[in-house]
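Below are the chains, spelled out letter by letter.
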Amino acid sequence: MKITEVECFVLLDPKMNVLATSSAQDDIIVIIHTDEGITGVGETDVNPWMAKACIMAPGTHTMGQGIREMLIGEDPLQIDYLWQKMYEGSAQNGRRGVMINAIGAIDIALHDIRGKKLGKPCHELLGGAKKDFIMPYASLQPECSSFEDYKNSLAAWAKRAKEMGYRAAKAECTLDGPYAHMGLREPHHRMTEVVEAVREAVGEDFTLMVDAQYAFSDAPTCLQTIRDWQDFDIYFLEAPIPMDDLEGYRRLSEEQNIPIAAGEWLATRFEFEELIYRGNVAVVQPDIARVGGLTEACRVADMARRHNLKLVPHLWKTGVSIAAAIHFSAVTEICPFIEFLPSALCESTLRKELLVEDILMKDGVLDLPSKPGIGVELDMEALLRFEKTASEAVAKINL
Ligand SMILES: [Mg+2]
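One structure accompanies this document, and this report is about it. Per-chain numbering applies: the sequence of each chain, read as written, is numbered from 1 onward. Totals for whole chains, interfaces and linings use all residues, but because this is a predicted model, local features are given only for residues with pLDDT of at least 70 and pairs of side-chain atoms are given and counted only at 80 or more.

## So, the pairing of strand S5 (residues 136-140)
(1) Moving on: Any residue surrounded by 20 or more other C-beta atoms within 10 Å of its C-beta is treated as buried, while 12 or fewer makes it exposed and the intermediate range makes it partly exposed; C-beta atoms here are placed from the backbone. Helix and strand assignments come from DSSP, with helices taken as H or I runs of at least 4 residues and strands as E runs of at least 2, each series counted from the N terminus. Within S5, five of the five residues are buried, leaving the element largely enclosed by the surrounding structure.
(2) Moving on: In S5, alternate side chains face the same way, and those of Pro136, Ala138 and Leu140 on one face and Tyr137 and Ser139 on the other are all buried.
(3) Moving on: In short, DSSP must find at least two bridges between two strands for them to pair. One ladder, built from two bridges, connects S5 with strand S12 (residues 338-339); its direction is parallel. If you follow Tyr137 over to S12, its bridge partner there is Glu339.
(4) Moving on: When the strands point away from the viewer and the path from the first strand over the helix to the second turns clockwise, the crossover is right-handed. Considered for its hand, the β-α-β crossover made up of S5, helix H6 (residues 147-163) and strand S6 (residues 168-172) is right-handed.

What follows is the structure, encoded as structure tokens:
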């Protein structure tokens, strides 16, 4: 079997808002074609125009190649070989960041092709499922018109998630820093009010995570606030301080009891190695595509396993990424939850419309997929519609 073409589709949600700080409103979908008519689908969570450039750009020498030109004519079943070829062939411009994020989309598509060719779901080919179902947690974003709205909406969403059957939810509690939703900023002690209100809304018998999204400038500032959270039974606190402050992460892990989680932006096992050795976090959170695809996510899982850590992947894209995360979680026993926002709780039109068949939660869990590959079918009409929205937006900017 040979790869004959790589297509990239940049998509945009027609309701896109530049203040929303949500990567769910744009997307890149890659489709890899083969001479046997089998196609593979992948997606990644990064600026889609940049990812497309990494894939489609031509190169002029051996260390600065574009991804597409490295793939054409290759056997898509040789996934490890192709990962290494893409990593080395793009090394002068890549090794981390958007190039690896783009390789992640390609890697997912290659796994999809392999599953379709062999007639098996990806989890069967990644070592076999270690569990009978996947446990999702609801990732909840607040409404932001005022502090009261913020607090009340998160508490109400969490309660609703519990009523829907979820056994866990994560509240985005981000009243400062680069992710402050719609620019709403409040003193740090008000984050405590939010976390307290959410815990009260869901009661004791419910797993609650908090995502601070880099709200605190450093470890001492964070410690001052989260010392008041020790009785809220927080499963993990995600991304409390800037990602490159690994010594700060180490302090947070050593000086209080809430497990610290991080890693959504990291690419390759090498960045996770640093996070684990220097940052000493309890939970690692690779995004399956950003880290370099299913291949690289499994390598990160091997490392996390050796350090007795939990792995709870970041996931904020469409059903393509959700499907990839489900296969990954199935084969990863140290992955107790995946981030999962059902269409009903989600604002992104892309998330709601891109797949022919939505991935649904039943009785609080997600079934193991049984279709070959990652098991999703794109709604091509919706995809082309979102692609048109993206080209129109670019045309407007270029005026
Ligand atoms: Mg997050």
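Back to the write-up after that little detour.
## Quick word on the nonpolar core
(1) Moving on: Counting 124 residues, the largest nonpolar core has Val30, Ile106, Ala158, Ala169, Ala171, Val198 and Val284 as the members making the most contacts within it.
(2) Moving on: If you tally residues by element for this core, the top one is helix H4 (residues 97-118), at ten residues.
(3) Moving on: Contacts are defined on C-beta atoms placed from the backbone: any two residues whose C-beta positions lie within 7 Å are in contact. Setting aside residues up to four positions removed in sequence, Val30 forms contacts with Val6, Glu7, Cys8, Gly42, Ile55, Ala105, Ile106 and Ala109. By our criterion, buried Ala, Val, Leu, Ile, Met, Phe, Trp, Tyr and Cys residues that link up through C-beta atoms within 7 Å make up a nonpolar core.

## Side note on the sheet that holds strand S9 (residues 260-262)
(1) Moving on: Across the sheet, which stays open at both edges, the eight strands sit in the order S11-S10-S9-S8-S7-S6-S5-S12 with parallel pairing between neighbours. A strand with exactly one partner marks an edge of an open sheet, and here the two such strands are strand S11 (310-311) and S12.
(2) Moving on: Pairing analysis gives three bridges linking strand S7 (residues 207-211) to strand S8 (residues 234-238), with the strands arranged parallel. By the bridge assignment, Val210 is partnered in S8 with Leu237.

## Some points on unusual backbone geometry
(1) Moving on: Phi is positive for Asp233, which is not a glycine, with a value near 50°.
(2) Moving on: Note that Asp233 resides in the loop between helix H8 (219-226) and S8.
(3) Moving on: Of note in the backbone geometry, Ala239 takes a positive phi value of approximately 45° without being a glycine.
(4) Moving on: Residue position: Ala239 is located in the loop between S8 and helix H9 (246-255).
(5) Moving on: Classification of Ala239 as buried rests on a count of 25 C-beta atoms within 10 Å.

## Quick word on the sheet that holds strand S2 (residues 26-34)
(1) Moving on: Strand order in this open sheet of three strands is S1-S2-S3, and the pairing throughout is antiparallel. Lying at the two open borders of the sheet, with one neighbouring strand each, are strand S1 (3-12) and strand S3 (39-44). Direction aside, the axes of adjacent strands within the sheet are offset by 20° on average.
(2) Moving on: In terms of strand pairing, S1 meets S2 through nine bridges, oriented antiparallel. Within S2, the residue paired with Leu12 across the bridge is Asp26.
(3) Moving on: Taken strand by strand, helix H1 (residues 48-56) contacts S1, S2 and S3, and its axis lies near 165° from that of S1. Orientation is described by lines fitted to C-alpha atoms, with helices fitted over the stretch in contact, and by angles between N-to-C directions that extend from 0 to 180 degrees.

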